[in-house]
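Below, each chain spelled out in residue letters.
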Amino acid sequence: MFSKEKIYNNIFNILFVILMFAYFLFNYVNIDLNTVTRMKVNMLILLGFLSIFIFRLSIFKRISKINLLSISILSLFIIFKAIFKDNLPVEYSVLIFILSIGLLNENNIHFIRYLIISKVIFLFFIMLLSQLGYINQSEFIKQDYSIALSYGFIHSNTLGIIGLSIILDLSLLYRYNRAPKHIILLSIIFICYMYFISKARTSLLLEIGLIIAMILNMRLIKIRCSGVLLVTISLLIILMGIILPYYFDSNSELWNKLNILFNQRLFLGNLYIDNYGITFFPKAIPQLFLQREYDVIMYYNDNTFLALLLSSGLFLFSAILCFIFYQQLNGQYSLYYVFILSLTLISMIFESSGYNVFLFTSLFFRYFAINGKRS
């Protein structure tokens, strides 16, 4: 006879994978879909997690502190949305993160395996449909003038970050045990292939970091880190993502070298700060463009932390950080996990993926805390 925990874990895993497929399909795959429709789908995905929340409440007959905090932050967002209306954009990846983070049980032992299998199937299924001509693929010219194909995804970098997500989950799967040599070898072959077709340099560098962690995992696993240390490291990375573009100076040779290292993120972040400023409350942040003689270039602010701060305002941004740090303080962690989470947060400086639990499973902080359970 199945216990309540096993029933809930199995249902959660199935629904999470279904919602993940829907999110990937309507946000990352190169299908003809307007923004309004995409937002409606994301709202339905958020409501899907709300249904899981209600199911959890009905089956366990109790509500945890994390669940209460999740509802409190979501309620705060709804209040702000009612007050500021169109000045506060709806970032569904953040809202899904806030709601879902307290729904994953620490004893859900099959969760990571389900994700790896599901993502691999989704990745190669979309690539196959693209090669068969059912989904359009686009060509992109990279900085070195090489050509990258999207293989059915909206951008070649999107293809790269899906691959990064798979390697991230694989590294998390071996957070307690030594990663087999054949798994490491297959991972190296996989990331080389993904870089060959996508030319996603940032994803490649982060994947190399994850491979190194998998090779050294038994050494890193033995070292324990407190929640305070995890909060400190997370805060430093987030502040780095905000302070560096804030103080960027295009007249300085040192800053220009750093800007190249950050793939123009410092210049673009500084441009958005200069145009819109950091305010206490939310405000609309329209897309910036560069009008050239023959065309127009869109300036993207891909820095997740800075984009959220500029649009949501300092008050709501701080509330979300407090929500995150409270959970991180809730236990001890291995240095292995701390390293993986650090790479995740660094990637969010370079990519506009947001606090995306579908891509970045490491954001389920409580699930990876060392509390005596081997999940």
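In the block above lies the structure referred to throughout.
In this report, we go over the structure that sits alongside the text. (Residues numbered from 1 in each chain as written. Predicted model: local features only at pLDDT ≥ 70, side-chain atom pairs only at ≥ 80, totals over all residues. Heavy atoms only, no water.)

**A short note on the overall build of the chain**
Alright, step 1. A tally of regular secondary structure across the chain gives 14 helices and six strands.
Alright, step 2. Seen along its three principal axes, the alpha-carbon backbone of the chain occupies a region of about 70 × 50 × 45 Å.
Alright, step 3. The buried share among the 375 residues of the chain stands at 54%.
Alright, step 4. Taking as baseline every contact in the chain between residues at least 6 positions apart, the subset at least 24 positions apart corresponds to 75%.
Alright, step 5. When the 28 basic and 16 acidic side-chain charges of the chain are each reduced to a single mean position, those positions are 18 Å apart. (Helix = DSSP H or I, 4+ residues; strand = E, 2+ residues; numbered from the N terminus. Buried < 20%, exposed > 50% of the residue type's maximum accessible area, 1.4 Å probe, protein only. Contact = heavy atoms within 4.5 Å. Lys, Arg positive; Asp, Glu negative; His and termini not counted. Charge placed at Lys NZ, Arg CZ, Asp CG, Glu CD.)

**Some points on the nonpolar core**
Alright, step 1. In this structure, Phe 49, Phe 97, Phe 153, Tyr 355 and Phe 358 are the most contacted members of the largest nonpolar core, which totals 123 residues.
Alright, step 2. Sort the elements by how many residues they give to this core and helix H13 (residues 304-328) lands first, with 13 residues.
Alright, step 3. Once you skip the residues sitting within four places of it in the chain, Phe 49 turns out to touch Phe 16, Leu 19, Ile 96, Leu 99, Ser 100, Leu 103 and Phe 358. (Core = buried A, V, L, I, M, F, W, Y, C linked by side-chain atoms within 4.5 Å.)

**Notes on H13**
Alright, step 1. For H13, with 25 residues, the first-to-last C-alpha span of 19 Å runs short of the 36 Å given by 1.5 Å per residue.
Alright, step 2. Counting buried residues along H13, 19 of its 25 residues qualify, which places the element largely inside the surrounding structure.
Alright, step 3. The opening residue of H13 is Asn 303, an N-cap whose side-chain oxygen sits 3.1 Å from the backbone nitrogen of Phe 305. (Expected span 1.5 Å × (residues − 1). Polar contact = N/O pair within 3.5 Å; in protein donor to acceptor, adjacent residues only side chain to side chain.)

**Focus on the packing of aromatic side chains**
Alright, step 1. Considering all chains together, one arrives at 35 aromatic pairs under this definition.
Alright, step 2. Seen from their ring centres, Tyr 8 and Phe 60 are 5.4 Å apart, and the 65° between their planes marks the pair as edge-to-face. One end of the pair, Tyr 8, is in helix H1 (residues 4-28); the other, Phe 60, is in helix H2 (residues 35-60), and 52 residues separate them in sequence. The exposure classification of Tyr 8 matches that of Phe 60, with both residues buried.
Alright, step 3. Taking the centre distance of 5.0 Å and the plane angle of 75° together, the rings of Tyr 246 and Tyr 247 count as edge-to-face.
Alright, step 4. Judged by its relative accessible area of 43%, Tyr 246 is partly exposed.
Alright, step 5. Residue Tyr 247 is classed as exposed on the basis of its relative accessible area of 53%.
Alright, step 6. When the ring centre of Phe 196 is taken as reference, the NZ or CZ atom of Lys 199 above it lies at 5.2 Å. (Phe/Tyr/Trp six-rings, centres within 6.5 Å; stacked < 30°, edge-to-face > 60°. Lys NZ or Arg CZ within 6 Å of the ring centre and 35° of its normal.)

**Points about a nonpolar patch on the surface**
Alright, step 1. A surface patch of nonpolar side chains, amounting to about 530 Å² of accessible area, comprises Leu 235, Leu 239, Ile 243, Tyr 246, Tyr 247 and Ile 278.
Alright, step 2. Tracing the backbone through its elements, the reader meets Leu 235 in helix H10 (residues 227-246). (Patch = residues over 30% accessible without salt bridge, like charges linked within 9 Å, V, L, I, M, F, W, Y side chains within 5 Å. Areas by Shrake-Rupley, 256 points an atom, 1.4 Å probe, with all protein chains shown as cover. Salt bridge = Lys/Arg side-chain N within 4 Å of Asp/Glu carboxyl O.)

**A look at unusual backbone geometry**
Alright, step 1. With a phi angle near 60°, Lys 61 is a residue other than glycine that sits in the positive phi range.
Alright, step 2. When you line up the elements, Lys 61 lands in the loop between H2 and helix H3 (65-84).
Alright, step 3. Assessed through its relative accessible area of 68%, Lys 61 is described here as exposed.
Alright, step 4. One non-glycine residue, Lys 199, adopts positive backbone phi at about 55°.

**Thoughts on the side chain of Ser 70**
Alright, step 1. Within the fold, Ser 70 resides in helix H3.
Alright, step 2. A residue is classified by how much of its surface remains accessible, and Ser 70, at 1% relative accessible area, is buried.
Alright, step 3. Ignoring anything within four residues of it in the chain, the contact list for Ser 70 reads Ile 98, Leu 99, Ile 101 and Phe 323.

**Observations regarding helix H8 (residues 201-215)**
Alright, step 1. Here H8 contains 15 residues, and its C-alpha end-to-end distance of 21 Å stays within 8% of the 21 Å for a straight helix at 1.5 Å per residue.
Alright, step 2. Restricting attention to buried positions, one finds in H8 the residues Thr 202, Ser 203, Leu 204, Leu 206, Glu 207, Gly 209, Leu 210, Ile 211, Ala 213 and Met 214.

**Examining the pattern of salt bridges**
Alright, step 1. This model, assessed by the stated rule, comprises four salt bridges.
Alright, step 2. Here Arg 366 and Glu 106 are joined by a salt bridge, their closest N and O atoms 3.1 Å apart. Residue Arg 366 is found in the segment after helix H14 (335-350), and its partner Glu 106 is found in the loop between helix H4 (92-100) and helix H5 (111-131); the two are separated by 260 residues along the sequence.
Alright, step 3. Exposure remark for Arg 366: the relative accessible area of 13% places this residue in the buried category.
Alright, step 4. As a salt-bridge pair, Lys 257 and Glu 253 come within 3.5 Å of each other at their nearest N and O atoms.

**Quick notes on the packing of H2 against H4**
Alright, step 1. Close contact between H2 and H4 brings their axes to 10 Å; oriented N to C, the two are set at 5°. One element, H2, and the other, H4, form an angle in the roughly parallel class. Where H2 abuts H4, its residues Met 39, Asn 42, Met 43, Ile 45, Leu 46, Phe 49, Leu 50 and Phe 53 lie against Tyr 92, Leu 95, Ile 96, Leu 99 and Ser 100.
Alright, step 2. Of the residues belonging to the contact of H2 with H4, the class tally is eleven nonpolar, two polar and no charged. (Axes fitted to C-alpha atoms, helices over the stretch in contact; angles between N-to-C directions. Parallel < 35°, antiparallel > 145°, perpendicular 65-115°, else oblique. Nonpolar A, V, L, I, M, F, W, Y, C, P; charged D, E, K, R; others polar.)

**Details of the packing of H10 against H13**
Alright, step 1. Following both chains from N to C, one finds H10 and H13 inclined at 170°, their axes separated by 11 Å at the closest point. When the axes of H10 and H13 are compared, the pair comes out roughly antiparallel. In contact with Gly 227, Leu 230, Val 231, Ser 234, Leu 235, Ile 238, Gly 241, Ile 242 and Pro 245 of H10, H13 contributes Phe 305, Leu 306, Leu 309, Phe 317, Leu 321, Phe 325 and Gln 328.
Alright, step 2. Taken together, the residues that form the contact of H10 with H13 break down as twelve nonpolar, four polar and no charged.

**Some points on the environment of Ser 234**
Alright, step 1. Within the secondary structure, Ser 234 sits in helix H10.
Alright, step 2. Sequence spacing of Ser 234 and Ile 324 is 90 residues, and the spatial spacing of their C-alpha atoms is 9.6 Å.
Alright, step 3. Apart from residues no more than four positions distant in its own chain, Ser 234 is found in contact with Phe 325, Gln 328, Leu 341 and Leu 345.

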